[in-house]
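# Structure assessment
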Amino acid sequence: MTPRITFIAAACLLAGSAAFAQTPPPPPGGPVPPPPIGGMAPAPVAPEAGTVTTGRVQQWLLNPNGEADGLLLADGTQVAFPPHLSAQVMQLAKPGDTVQVSGWRAPNVPVVRMQSLSANGRSVTDQPPEPGMAPPAPRDPGALTALTALSASGRIERLLYTDRGDVRGVVLADKTIVRFPPHVGAAYGAQLQPGAQLHARGWGMRGAQGTALEATSLGATADTVREVFGGPGLMPGPGGARGQVGPGGPGGPGAPRGPRGAGPTPPTPPAALMAPPAPLPAS
């Protein structure tokens, strides 16, 4: 090895040793995690157990099958419970009664997930199954009334939320409940505002406790409705609107009609939004 090469190798070794010596050792607790983007860590959103709410029942929150799976208090609090408790809760209280609800509530979300509800000296509790217990038998499909094609139109009075804060429906000024999946609520967020006009078509029930439907089409007016599975703001193509039921889109010539005054019959909702995965080939 020539003296020049020996000198260069020694210089590189000394430079590497100096850089290693200047690197501070890791803290005893382990490596430091990278700082969060923006300099602030997101606050975890966890439900607050032990929430107790008292208020006057203003309205039942019905699902499209006509079952109550929630109620609205006069102060705007929404109470959610599973639909299999519908009959028990509706026997316990009625609109105008004062109820006390205990359960869970996420911060800044106006929804209490009910654990127990008390009214008129009685109570009902959402009791989960004991470990090892068989799940309850599915309900007889014949016990549920068949859904009918419905349409609703009016001013949005209130938004309905999941217990995580996602918009999942609205209450119109005439107390009609229009429901849709949370991803539809997010897509139509700019249009779904209290005070805005809404026209909806879908499937549901109209009964003594109120009217509720699952929307298949939404719009500000009957002339601007669009199929919710196609997304907001879609313009009709050469063959008509996407998801149309007749030439020219919903309500056009050839579209099947519902009962007098009910408007066009909405298309039958798809059985599933995603096709089942194909089976894996046998090895």
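Refer to the preceding data block for the structure.
Analysis parameters
Residues numbered from 1 in each chain as written. Predicted model: local features only at pLDDT ≥ 70, side-chain atom pairs only at ≥ 80, totals over all residues. Heavy atoms only, no water. Core = buried A, V, L, I, M, F, W, Y, C linked by side-chain atoms within 4.5 Å. Buried < 20%, exposed > 50% of the residue type's maximum accessible area, 1.4 Å probe, protein only. Helix = DSSP H or I, 4+ residues; strand = E, 2+ residues; numbered from the N terminus. Contact = heavy atoms within 4.5 Å. Salt bridge = Lys/Arg side-chain N within 4 Å of Asp/Glu carboxyl O.

### Considerations on the nonpolar core
- With 25 residues, the main nonpolar core has L71, F81, V89, V99 and L117 as its most contacted residues.
- Mapped by element, the contributors of at least two residues to this core are β1 (48-62), β2 (68-73), α2 (86-92), β4 (98-105) and β5 (111-119).
- Residues A152, I156, V167 and F180 belong to the second largest nonpolar core, which totals 18 residues.

### Quick notes on the environment of L159
- As for its position among the elements, L159 is in strand β7 (residues 148-161).
- Residue L159 is classed as buried on the basis of its relative accessible area of 10%.
- Sequence-wise, L159 and I177 are 18 residues apart; in three dimensions their C-alpha atoms are separated by 9.7 Å.
- If we ignore the near neighbours within four places in the chain, the residues touching L159 are Q78, V167, G169, V170, L192 and P194.

### Considerations on the pattern of salt bridges
- Applying the stated criterion across every chain, the model contains 4 salt bridges.
- R179 is paired through a salt bridge with D69; the nearest N and O atoms lie 2.7 Å apart. Of this pair, R179 sits in strand β9 (residues 177-179) while D69 sits in strand β2, and the two are 110 residues apart along the sequence.
- Overall, R179 belongs to the buried group, its relative accessible area being 6%.
- Across the salt bridge formed by R113 and D163, the nearest N and O atoms sit 3.1 Å from each other. Pair noted here: R113 is in strand β5 and D163 is in the loop between β7 and β8 (167-172), with a separation of 50 residues, a long-range link.

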